[in-house]
Each structure stands twice: as structure tokens, then as C-alpha cells.
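If you want the building blocks of each chain, they are given just below.
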Amino acid sequence: MSPATGGPLPVADRDSTPWWAGVSEHELRLQRCRDCGALRWPARALCNRCGSLEWSWVAASGRATVASWIVNEHGFSDAFPVPYVVVMARLDEQDDILVPGAYGGASDGHDLRVGRRLVVAFDDVAAPEGRDRISLLRWMPATDEER
């Protein structure tokens with residue numbers, strides 16, 4: 001189930017606005033430091049490796065591996081019926097970038113294991129009046145062709 005059915009929607013801040021714009025365009029984006037070349041996520045004003053305040057946004061491949069996951073068995077809200085699986089995906093671009101997201105495989109996560117190949121997918125959700133279209137990312141098991 002997605003927030004389109006009444007759950008919370010993300011609110012972009014100064015640093016994350018380009019990230020959410022990319023997700024709405026079905027593109028996974030990362031910040032790249034213009035001085036040392038390090039990638040970073042989540043978005044922030046300065047590079048955690050060299051301290052630079054200069055960066056650009058680059059498209060990521062959307063390929064990752066499972067680093068960890070949780071199967072929520074407790075119903076916190078009707079918008080997230082149980083079980084609800086959240087996966088931490090380790091991006092192929094850089095080993096220290098972990099991006100959480102809903103899991104689009106088995107609803108109870110029984111098919112997950114550390115190192116399983118994933119690809120990003122995007123769920124378009126209804127935008128409230130006065131807002132642009134909102135999309136959320138979802139991690140899907142990679143097919144043989146996507147590995």
C-alpha cells in the first residue's frame with residue numbers, strides 16, 4: 001500500500017528538493033562533490049569527505065544490493081498494512097550509500113537476503129491540491145537481465 005491511500009507524503013526541504021524532483025521524474029539522483037568527486041545521499045550542503053560546498057546532481061543507475069531490511073508486523077497506521085517491508089539498498093555507485101525504500105517483492109520479505117540484487121522502481125501517488133505529482137521509490141528484486 002502506498003501513501004496514495006491516505007498515508008504521509010514527503011515534504012522536500014532546501015537540500016532534498018532536487019532529489020524529490022528526480023524521483024518524480026523516475027530518476028534516482030545523487031549529489032557529487034565537485035572537488036573530490038564523492039557521491040552523497042541524503043542531500044546536504046557540504047561534502048562529508050572534503051568539506052566542499054560545491055556539488056552537482058547526477059543520475060544513479062538504480063541498481064543496488066540488499067544491505068538490510070525490516071518486516072514491520074505492528075500496524076502503525078491504516079496506510080501501512082502489515083506486514084510492511086522496508087529495505088536498505090546499498091547503491092552500486094558507492095558502497096557507503098544506503099537508500100531506504102519500500103520493498104516490492106514478497107509482502108512478508110521471505111525472499112530477501114543480504115546481497116540480493118535490486119533495481120529501483122517508482123510509484124506515482126496522487127498529489128494533494130496545489131502540489132506537483134509525487135512519486136516514491138520502491139526497491140524491486142532484479143531480474144536475470146537486470147543483474
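Sequence order as written defines residue numbering, which begins from 1 separately in each chain. Totals for whole chains, interfaces and linings use every residue, but because this is a predicted model, local features are given only for residues with pLDDT of at least 70 and side-chain atom pairs only at 80 or more, for both listing and counting. Think of the side-chain values as coming from all heavy atoms in the structure, minus any hydrogens and water.

A word on the pairing of strand 1 (residues 29-33). Burial here depends on accessible area, computed with a 1.4 Å probe over protein chains only, as a share of the maximum for the residue type. Under 20% is buried, over 50% is exposed, and the range in between is partly exposed. Every helix listed is a DSSP run of H or I at least four residues long, and every strand listed is a run of E at least two residues long, numbered separately from the N terminus. Of all 5 residues that make up strand 1, 4 are buried, and the element is covered over most of its length. Between any two strands, pairing holds if DSSP finds at least two bridges. In this sheet, strand 3 (residues 55-59) lies alongside strand 1 in antiparallel orientation, the contact comprising 5 bridges. Directly across from R32, in strand 3, lies its bridge partner S56. Counted between consecutive antiparallel strands, the loop separating strand 1 from strand 2 (residues 39-40) contains 5 residues, among which G37 sits at a positive phi close to 85 degrees.

Here the focus is the sheet that holds strand 3. On the basis of which strands lie adjacent, the open sheet formed by 3 strands has the order 2-1-3 and antiparallel pairing. The outermost strands of the open sheet, each flanked by one partner alone, are strand 2 and strand 3. Relative to strand 2, strand 1 runs antiparallel, the two sharing 2 bridges. Looking at strand 2, one finds that Q31 is bridged to R40. By definition in these notes, contact holds between two residues if any of their heavy atoms fall within 4.5 Å. Here the axes come from fitting lines to C-alpha atoms, over the contacting stretch only for helices, and the angles between their N-to-C directions go from 0 to 180 degrees. In this fold helix 1 (residues 17-24) packs onto strand 1 and strand 3, with an angle of close to 140 degrees to the strand it touches most, strand 1.

For strand 8 (residues 134-141), the tally of buried residues reaches 7 of 8 residues, placing the bulk of the element in the interior. Here strand 6 (residues 98-103) pairs with strand 8 via 2 bridges, running parallel. Bridge assignment links Y103 to a residue of strand 8, and that residue is W139. In the sheet, strand 7 (residues 117-125) pairs with strand 8 via 8 bridges, with the strands oriented antiparallel. The residue of strand 8 that forms the bridge with V125 is I134.

Let's shift gears to the packing of aromatic side chains. Pairs of aromatic rings are described using the distance from one ring centre to the other and the angle between the two planes. Classification of ring pairs uses Phe, Tyr and Trp, with its six-membered ring standing for Trp, and accepts pairs whose centres are within 6.5 Å; under 30 degrees between planes counts as stacked, over 60 as edge-to-face, and the remaining range as tilted. Counted by the stated rule, this structure contains 2 aromatic pairs. Considering the side-chain rings of W19 and W20, the 6.2 Å spacing of their centres and the 75 degrees angle between planes classify their relative orientation as edge-to-face. Residue W20 is classed as partly exposed on the basis of its relative accessible area of 25%. Linked through ring pairs, W19, W20 and W41 together constitute an aromatic cluster.

Only buried residues count toward a nonpolar core, which is a set of Ala, Val, Leu, Ile, Met, Phe, Trp, Tyr and Cys residues joined through side-chain atoms within 4.5 Å. Grouped together as the largest cluster of nonpolar side chains are 22 residues, with contacts concentrated most on L91, V99, L137 and W139. Mapped onto this core, the elements with two or more residues apiece are helix 1, strand 4 (63-72), strand 5 (84-91), strand 6, strand 7 and strand 8. Element by element, the count of residues in this core is highest for strand 5, at 4 residues. If we skip the residues at most four places from it in the chain, V99 touches W19, W41, V87, M88, A89, L91, L137 and W139.

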